[in-house]
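The residues making up each chain are set out below.
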Amino acid sequence: MRGKQTVRGMFQSMAVICAAAGVIYLFVPHDDKADPIKPVDYRVELVTAQRAAPYPVLAPEGLAKDWTPTSVAYDREDGDAWHLGFLTPDRQYVAVEQSTTAPEKYIAEVTHEARDTGRTHQVAGRTWQRWEGPKYDALVLREKGVTTVVTGTATQEQLARMAMALQPAKKA
């Protein structure tokens with residue numbers, strides 16, 4: 001007799017829990033069609049990086065509005081690393097990476113092991129190296145004291161469009 005009460009109690013408890021979960025589901029707003037990508041405002045981090053970095057921090061100017069900024073970071077402790085990530089209009093990823101870290105190590109890290117193709121690409125009067133990899137392709141610009149990498153899943157044309165839009169941050 002005691003065993004039947006335990007089983008009955010378990011089913012009653014489960015019914016109460018399921019009813020409560022159903023009520024919560026009905027009253028909590030949810031939109032399955034909403035875009036899960038939330039744009040970030042990178043202006044504050046850009047000003048911080050521009051003040052702290054020992055090199056001219058680059059950020060895009062004049063990109064179309066449908067390029068969505070999705071991530072931003074500046075890490076002074078890790079080679080003054082500047083990161084700014086975007087989604088292109090066709091939902092491909094493009095990141096701008098800059099650092100004072102040793103170029104070979106840094107490029108391999110941010111491009112997820114891409115390799116130098118030996119080819120170059122002229123963008124806005126500068127010669128960028130073309131790198132290709134299993135995950136990301138990249139355009140790499142090595143200058144005195146800083147390495148700039150435009151990398152991601154986007155096409156070479158989109159990477160070049162980002163590289164062309166890069167401008168030194170204006171002093172605040």
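Just above sits the structure.
My aim in this report is to walk through the structure given alongside it, one point at a time. Quick caveat: nothing in here was measured; it's all calculated off a predicted structure.

Taken together, the side chains of Asp 75, Glu 77, Asp 78 and Glu 109 make up a negatively charged region of the molecular surface. Within the element layout of this structure, Asp 78 appears in the loop between β2 (68-75) and β3 (81-87). On the basis of relative accessible area, Asp 78 is assigned to the partly exposed category, the value being 41%.

With that settled, the discussion passes to helix α3 (residues 103-110). Along α3, the residues that are buried comprise Tyr 106, Ile 107, Ala 108 and Val 110. Close packing links the buried residues of α3 with β3, β4 (93-99), β6 (126-132), β7 (137-143) and β8 (146-152). Directly after α3, the chain includes His 112, whose backbone phi takes a positive value near 55°.

All right, on to the sheet that holds β4 then. In spatial order, the strands read β2-β3-β4-β8-β7-β6-β5; together these 7 strands make up an open sheet with antiparallel pairing. Of all strands in the sheet, those with a lone pairing partner are β2 and β5 (115-123), marking the two edges. Each neighbouring strand pair of the sheet contributes to a mean axis angle of 20°, computed without reference to strand direction. Alignment of β4 against β8, held across 6 bridges, turns out to be antiparallel. Residue Glu 97 lies in a different strand from β8, and its bridge partner there is Val 149.

The buried count for β8 comes to 7 of 7 residues, which makes it a mostly enclosed element. Burial along β8 is two-sided: Val 146, Thr 148, Val 150 and Gly 152 facing one way and Thr 147, Val 149 and Thr 151 facing the other are all buried. Inspection of the sheet shows β7 paired to β8 by 7 bridges, in the antiparallel sense. Paired with Val 140 across the two strands is Val 149, which belongs to β8.

What follows is about the environment of Ala 59. With respect to the element layout, Ala 59 can be found in strand β1 (residues 58-60). Look at Ala 59 and you get buried, because its relative accessible area is 4%. Spatially, the C-alpha atom of Ala 59 lies 9.7 Å from that of Arg 43, the residues being 16 residues apart in sequence. Ala 59 has contacts with Tyr 42, Leu 46, Leu 84, Ala 165, Leu 166 and Gln 167, leaving out every residue within four places of it along the chain.

All right, on to the environment of Pro 134 then. Looking at the secondary structure, you find Pro 134 in the loop between β6 and β7. Its relative accessible area of 78% is what places Pro 134 among the exposed residues. Separated by 61 residues in the primary sequence, Pro 134 and Ala 73 have C-alpha atoms spaced 25 Å apart. Residues in contact with Pro 134, not counting those within four places in the same chain, are His 112 and Glu 113.

Calculation criteria
- Residues numbered from 1 in each chain as written.
- Predicted model: local features only at pLDDT ≥ 70, side-chain atom pairs only at ≥ 80, totals over all residues.
- Heavy atoms only, no water.
- Patch = residues over 30% accessible without salt bridge, like charges linked within 9 Å, V, L, I, M, F, W, Y side chains within 5 Å.
- Areas by Shrake-Rupley, 256 points an atom, 1.4 Å probe, with all protein chains shown as cover.
- Salt bridge = Lys/Arg side-chain N within 4 Å of Asp/Glu carboxyl O.
- Lys, Arg positive; Asp, Glu negative; His and termini not counted.
- Charge placed at Lys NZ, Arg CZ, Asp CG, Glu CD.
- Helix = DSSP H or I, 4+ residues; strand = E, 2+ residues; numbered from the N terminus.
- Buried < 20%, exposed > 50% of the residue type's maximum accessible area, 1.4 Å probe, protein only.
- Contact = heavy atoms within 4.5 Å.
- Pairing = 2+ DSSP bridges.
- Axes fitted to C-alpha atoms, helices over the stretch in contact; angles between N-to-C directions.

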